[in-house]
Amino acid sequence: MADTPRPNENEADSVVVDRRRFLTWVVASPALVVAARLGLDIPRADAARAEVPEAAADETALNLYIAIQTDGRIHATLPRTEMGQGITTSVAMLVAEELDASLGSVEVHTADADSRWVIQLTGLSSTMRYLSGPIRAAAATARARLVTAAANRWHALAHTLTTANGEVIAPDGRRAGYGELAEDAAAVLLLLVSPLPKNPSEYTVVGQPTGRIDAHDIVTGAAHYTLDLDIPNAVPVVVARPPTLRGTVRDFDASAALAMPGVLGVARLPSGVAVAAGNYAQAFAARDALQISWAPGPASHLSDADIRARLRDAIGARPFPPLFTARTLEGRFDFPYLAHAPMETQSCVAQVTGDSAELWLGAQDPKFVRREVAAALGWALTPQRVTVHTARAGGGFGRRFFAEAAVEAALTSRALGRPVKLMWSRNDDMRHGRYRPASHHRILAYVGASGSILGWNHRAAIPTVEFPHGFGDAITALAGTVLPEVTSKLFFELTQHVPYRFGLVGQELREVSLPIPTASFRSVFTSQVGVANEVFIDQLARELGRDPVELRRSQLTSNRLKAVLAKVALEGAWGRTLPPGVAQGVAVLEEWDSAIAHLVEVDITGEAPRVLRVVIAADVGLPINPKGIEAQLQGAAIDAFSTTLSAGIHIDSGAVREGSFADYRWLRMRHAPSEITVHLVRSDDRVGGVGELGYPSAAAALTNAIARATGTMPTRFPLLDAGA
């Protein structure tokens, strides 16, 4: 269970504008942040209703985020996508807190693609970091409007009124619910009480471990994902795909398929051949009856060995060591391609008419989807003809930044002249997706005669990570499309750093051009670079005869990292006596305005390493929902253990070998450690990111535990891959 000690001001670092903070501002929704802080999102009374055109008839919008129904229920609009990370619950908690309403009275809805939201990208651990401020401000402003409306109605002094449980209360006992005040509140011209959010010390909802507001719907099947949506006359569609990545159709014969029961039509796409039928079973059967001649994809000359050789060759010669170097330690690491493998495969419902299109899907960047679909339909200059409704998504991890399913659905709908429900199979998702690229790393540690660390050089050879969506805005999206290598390299430079006093430190990305589609994966470059660094630091400690925790403590530059490292060392009883074949490992990471440390205990006495126990300490600033943070960090740890031990993608002559979870070996429930404890080290000076945070140091801590147990540093992942 997560514990949530009160904030310790001594542990809070000062706010420094460095390159990492610069990146976060690039990624953020700056206009929204500024508007909220300045109160600029407070609409005029006559504008308030117009800002939410799709609002229900019985609700009144008080600003861009908040609307209130006549029955007092509160609707919050979120320009991000719920993918299982629990952001809707966190937003509901913030709104309930600032409005003094019950959590059960708040409903959170995801915004459609809409130019009024500067950025709608869900990823890079940005949602709560950059929206918690505006949402708090919007809810606090809504409360001020409601109090002012009641004061005007009762001819009372506004500052004497209080709010509780969705009501405004006068000293003489008069009460009015938010629902009955909403229209008057929207018409308020001058606020009579402060619209400032509460001080965190006043919070009674935020910071309390809280169950998800959508948990019941999820476990009972009431939560609607894309293919659950009831769009009239939408017919099931699947796509026949080439045997190799990005192969193309030379020609095909659909006569047999079209004669099969239930088949409604066939459409040629750039990515394959789509088949529509009365149900998915009929569509799959007809898909398999198609006679298709395929042209091989551009990677058909590449297999794993070729890729590894290309990456190794890109590393180049060693640089000159710093002066007074007595010896140089070298570590090499290989990471595989990884599929994102969200539980819900790619899917989209689309309805295209002569001059417009309407789509429903779970997208991490619905505005990028709109641009991609508009371009595919020949409407690149008029993307407003495409409406994208954002649905709940069953996982994303970077895969849903891209719009392949939406483009296919739109083209199929246009070709067949009817609405469609296009679904990717698990095999489609695994073999024709986008991947965390493979990589090769060389790390050099320079040691002086006295054992001092004089330098650290990390060179990483990684295929270009594609960022055509940019950071959610049009400018960076254009850069990511026109200059993909530059964008990838810039992202590397802005996000990768070594948080240790290691003398002359250098990290360099050597990009390798390979025609295999890529996408950012959980924690992006840090899932490789950060893991390799933390593993080699343990090797450095062994070479120097030092304890790895002591070495880290002595060299870390961040007080936050020192605090979380001390916490896991204490709670995990670092160095305690363990049975033969059982060992501990630690690792740390500071990223996305948060810091984290993992301590992992592993047993290597069986056929495969078995994780016994995990202790996590994290400083994510203000923990809006500690229970949600705990769940995210537990899930990230399982992801990290899966890809460290057994899950990886192989390329055979341009084709992906793995086709499902049968051979993409994610850990099963039986592999999960019996104990994962999460300790939150609070410093309420900010809201830090969580989604990307928990992966790298979990992977490195497990690797370090195995290295301590075996006496050998692992260098090639996944560790249980036979390497065929």
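The rules behind the values
- Residues numbered from 1 in each chain as written.
- Predicted model: local features only at pLDDT ≥ 70, side-chain atom pairs only at ≥ 80, totals over all residues.
- Heavy atoms only, no water.
- Helix = DSSP H or I, 4+ residues; strand = E, 2+ residues; numbered from the N terminus.
- Rg over C-alpha atoms; globule rule 2.2 N^0.38 Å.
- Buried < 20%, exposed > 50% of the residue type's maximum accessible area, 1.4 Å probe, protein only.
- Contact = heavy atoms within 4.5 Å.
- Areas by Shrake-Rupley, 256 points an atom, 1.4 Å probe, with all protein chains shown as cover.
- Lys, Arg positive; Asp, Glu negative; His and termini not counted.
- Charge placed at Lys NZ, Arg CZ, Asp CG, Glu CD.
- Salt bridge = Lys/Arg side-chain N within 4 Å of Asp/Glu carboxyl O.
- Patch = residues over 30% accessible without salt bridge, like charges linked within 9 Å, V, L, I, M, F, W, Y side chains within 5 Å.
- Pairing = 2+ DSSP bridges.
- Axes fitted to C-alpha atoms, helices over the stretch in contact; angles between N-to-C directions.
- Phe/Tyr/Trp six-rings, centres within 6.5 Å; stacked < 30°, edge-to-face > 60°.
- Lys NZ or Arg CZ within 6 Å of the ring centre and 35° of its normal.
- Core = buried A, V, L, I, M, F, W, Y, C linked by side-chain atoms within 4.5 Å.
- Parallel < 35°, antiparallel > 145°, perpendicular 65-115°, else oblique.
- Nonpolar A, V, L, I, M, F, W, Y, C, P; charged D, E, K, R; others polar.

Asks: What exactly am I supposed to notice about the overall build of the chain here?
Replies: Scanning the chain from N- to C-terminus turns up 20 helices and 28 strands. On C-alpha atoms alone, the chain measures out to a radius of gyration of 27 Å, which is about the 27 Å that the 2.2 N^0.38 rule sets for 724 residues. For the chain, the spread of C-alpha atoms along the principal axes amounts to about 80 × 75 × 45 Å. Buried positions account for 60% of the 724 residues belonging to the chain. In the chain, of all internal contacts separated by at least 6 residues, the share reaching a separation of at least 24 is 77%. If you sum the accessible surface of the chain, you get close to 27,300 Å²; carbon and sulfur atoms cover 55% of it. Of the side chains in the chain, 69 bear a positive and 75 a negative charge, and the two mean positions are spaced by 4 Å.

Asks: I'm lost on the pattern of salt bridges in this one. Help?
Replies: When the charged atoms of two side chains lie near each other, side chains of opposite charge can form a pair. Under the defined criterion, the tally for this structure stands at 42 salt bridges. In this structure, the salt-bridge partner of R241 is D428, at a minimum N-O distance of 3.4 Å. Placement of the pair is R241 in the loop between β8 (235-240) and β9 (248-253) and D428 in helix α13 (residues 426-431), with a sequence separation of 187 residues. Summarising the burial analysis for this pair, R241 and D428 share the class buried. Between E330 and R332 there is a salt bridge; the shortest N-O distance is 2.9 Å. According to the relative accessible area criterion, E330 is partly exposed, its value standing at 33%. The partly exposed category is assigned to R332, whose relative accessible area is 25%. One continuous salt-bridge network, built from bridges that share partners, spans R560, E590, D619, D685 and R686.

Asks: Looking at this structure, how should I read a nonpolar patch on the surface?
Replies: Together, L478, V482, L483 and V486 give the surface a local cluster of nonpolar side chains, amounting to about 380 Å² of exposed area. You can see L483 is positioned in the loop between α14 (474-482) and α15 (484-495). For L483, a relative accessible area of 43% gives the class partly exposed.

Asks: Just checking my understanding: could you explain the sheet that holds strand β2 (residues 66-69) for this structure?
Replies: Within a sheet, adjacent strands bond to each other through the backbone by hydrogen bonds, running parallel or antiparallel. In space, the four strands of this open sheet follow the order β1-β2-β3-β4, with mixed pairing throughout. Each end of this open sheet is capped by a strand with a single partner; those strands are β1 (59-61) and β4 (106-110). Each adjacent strand pair in this sheet contributes to an overall mean axis angle of 25°, direction not counted. Where β1 and β2 come together, three bridges link them in antiparallel fashion. Counterpart to E59 in the pairing with β2 is Q69. Lying over the sheet, helix α5 (residues 127-154) contacts β2 and β3 (74-78), oriented at roughly 45° with respect to β2.

Asks: Would you take a moment to explain the sheet that holds strand β24 (residues 594-603) for this structure?
Replies: On the basis of which strands lie adjacent, the open sheet formed by four strands has the order β23-β24-β25-β28 and mixed pairing. With one partner strand each, in any of the chains shown, β23 (582-591) and β28 (675-680) form the two edges of the open sheet. Taking the axes of each pair of neighbouring strands and ignoring which way they run, one obtains an average angle of 15° across the sheet. Judged from the nine bridges that link them, β24 and strand β25 (residues 610-619) form a sheet pairing that is antiparallel. Paired with V602 across the two strands is V611, which belongs to β25. Its contacts with the sheet place helix α19 (residues 626-645) against β24, β25 and β28, and it is angled at close to 130° to β28.

Asks: How should the environment of F536 be read in this particular structure?
Replies: Mapped onto the secondary structure, F536 falls in helix α16 (residues 529-544). Sequence separation between F536 and G262 is 274 residues; the distance between their C-alpha atoms is 58 Å. Leaving out residues up to four positions away in the same chain, F536 has contacts with L329, E330, G331, F333, I443, A445, W456 and M713.

Asks: How should the packing of aromatic side chains be read in this particular structure?
Replies: Geometry of an aromatic ring pair is reported as the spacing of the ring centres plus the angle between the planes. Applying the stated criterion across every chain, the model contains 14 aromatic pairs. Ring plane angle 35° and centroid distance 5.5 Å describe the contact between Y664 and W666, whose orientation is recorded as tilted. Overall, Y664 belongs to the buried group, its relative accessible area being 0%. By relative accessible area, W666 is classed as buried at 16%. Ring-pair connections join several aromatic residues into one group, and the members of that group are F333, W456, Y500, F502 and F536. Lying across the ring of Y225, R392 places its NZ or CZ 5.9 Å from the centre. The ring of F402 has R434 sitting right over it, with the charged end atom 3.8 Å from the ring centre.

Asks: What am I meant to see in the environment of V235 here?
Replies: Mapped onto the elements of the fold, V235 is located in strand β8. A C-alpha to C-alpha distance of 4.7 Å links V235 and V420, two positions 185 residues apart in sequence. Residues within four places of V235 in sequence aside, it is in contact with L264, A276, A277, R418, P419, V420 and K421.

Asks: How do you make sense of the nonpolar core when you look at a structure like this?
Replies: Soluble, globular proteins show a tendency: their nonpolar side chains are buried together. Judged by nonpolar contacts, the single largest core of 95 residues is most densely connected at F333, Y337, W456, L540, F641, I649 and Y664. By residue number, the principal contributor to this core is α16, which donates eight residues. Not counting chain neighbours up to four residues away, the residues in contact with I649 comprise P336, Y337, L338, A339, M430, Y435, V656, E658 and Y664. Judged by nonpolar contacts, the second largest core, of 50 residues, contains L62, L131, A150 and A186.

Asks: Please explain the environment of E630 as it appears in this structure.
Replies: Examined against the element boundaries, E630 turns out to sit in helix α19. C-alpha separation for the pair E630 and I616, spaced 14 residues apart in sequence, amounts to 9.2 Å.

Asks: Explain the packing of α16 against helix α17 (residues 548-555) to me, please; I cannot follow it from the model alone.
Replies: Two packed helices can be described by the angle between their axes and the distance between those axes. Contact pair α16 / α17: the axes reach a minimum separation of 9 Å and the direction vectors enclose 110°. It follows from the interaxial angle that α16 and α17 lie roughly perpendicular. Note on element contacts: α17 touches α16 through P548, L551 and R552, opposite E534, I537, D538, L540 and A541. Considered class by class, the residues forming the contact of α16 with α17 number five nonpolar, no polar and three charged.

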